[in-house]
Amino acid sequence: MRLRLLALFLLLFNFAVAQDHDHSHDHNHNLDSHRHHLGLGLGAASLFAENEIAPVVHLHYLYRVAPLSPVSIGLGFESILDDHTHNTISALINYELIPRLSIVGGPGITFAKEDGESHTAMSGHAEMIYEFTVGEFHLGPMIGFGFDKEESHASLGVHIGFGF
């Protein structure tokens, strides 16, 4: 199943690169001047302790600390949609390594419910996102990793964002 996730990621990356064609406009795709960013990530997570694959949804809001700065801060929410409940709220910092390639991560609190028992735990989350501008949206592949004292997971998927 991990081979399928890798193949999906490579397919998404290939699609995204194919969409990045050279064309002339009066704007520069490498500079995103938006101070606010709303993002949605959809994908599949491999839960290591449970040895299963489950759908995952990421939502985040990021605020660029200065115009054209590579640094943004914000909040994130992640939900792993499996037989158990795994929801995480995180404080995030985003750093744009090069135009379009960002890493985002930070500490969080995971709320989990398993076998009728609820528990909370400190957690961490990190993602790498490669974005392309498609109209007013940012679109591209993402890869992520999350962990707490009970569980860790890796995820692959598609990121869709909107800057304003």
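Below: a short report on this structure. (Residues numbered from 1 in each chain as written. Predicted model: local features only at pLDDT ≥ 70, side-chain atom pairs only at ≥ 80, totals over all residues. Heavy atoms only, no water.)

**Here's the deal with the side chain of H125**
So, step 1. Counting through the fold element by element, H125 comes out in strand 6 (residues 117-130).
So, step 2. A distance of 3.1 Å separates the side chain of H125 from the side chain of E127, its partner in a polar contact.
So, step 3. Beyond its immediate sequence surroundings of up to four residues, H125 is in contact with H58, E78, S90, V104, G105, G106, F145 and G146. (Helix = DSSP H or I, 4+ residues; strand = E, 2+ residues; numbered from the N terminus. Polar contact = N/O pair within 3.5 Å; in protein donor to acceptor, adjacent residues only side chain to side chain. Contact = heavy atoms within 4.5 Å.)

**Describing a nonpolar patch on the surface**
So, step 1. Together, L38, L42, Y61, Y63, V65, I73, I93, F137, I160, F162 and F164 make up a nonpolar patch on the protein surface, roughly 940 Å² of accessible area in all.
So, step 2. Considering the arrangement of structural elements, one finds F164 in the segment after strand 9 (152-163).
So, step 3. F164 gets classed as partly exposed once you look at its relative accessible area, which sits at 44%. (Patch = residues over 30% accessible without salt bridge, like charges linked within 9 Å, V, L, I, M, F, W, Y side chains within 5 Å. Areas by Shrake-Rupley, 256 points an atom, 1.4 Å probe, with all protein chains shown as cover. Salt bridge = Lys/Arg side-chain N within 4 Å of Asp/Glu carboxyl O. Buried < 20%, exposed > 50% of the residue type's maximum accessible area, 1.4 Å probe, protein only.)

**As for the packing of aromatic side chains**
So, step 1. Overall, the coordinates contain 5 aromatic pairs when judged by the stated rule.
So, step 2. Aromatic side chains F162 and F164 sit 6.2 Å apart centroid to centroid with 25° between the ring planes, which places their arrangement in the stacked category.
So, step 3. Here the aromatic residues F48, F145 and F147 are joined through ring pairs into a cluster of three or more. (Phe/Tyr/Trp six-rings, centres within 6.5 Å; stacked < 30°, edge-to-face > 60°.)

**With respect to the environment of H125**
So, step 1. On the basis of relative accessibility, which here comes to 11%, the residue H125 falls in the buried class.
So, step 2. The spatial distance from the C-alpha of H125 to the C-alpha of V104 is 8.2 Å, given a sequence separation of 21 residues.

**Considerations on unusual backbone geometry**
So, step 1. Even without being a glycine, N51 presents a positive backbone phi close to 50°.
So, step 2. Assessed through its relative accessible area of 67%, N51 is described here as exposed.
So, step 3. The phi dihedral of R100 falls on the positive side, at around 85°, and the residue is not glycine.
So, step 4. With respect to the helices and strands, R100 occurs in the loop between strand 4 (85-98) and strand 5 (101-114).
So, step 5. Judged by relative accessible area, which is 15%, R100 ranks as buried.

**A word on the pairing of strand 1 (residues 36-47)**
So, step 1. One ladder, built from 12 bridges, connects strand 1 with strand 2 (residues 52-64); its direction is antiparallel. The residue bridging A45 from the neighbouring strand is A54, located in strand 2.
So, step 2. Adjacent in sequence and paired antiparallel, strand 1 and strand 2 are bridged by 4 residues, among which N51 carries a positive phi angle near 50°.
So, step 3. By the bridge criterion, 11 bridges tie strand 1 to strand 9 in an arrangement that is antiparallel. By the bridge assignment, H37 is partnered in strand 9 with G163. (Pairing = 2+ DSSP bridges.)

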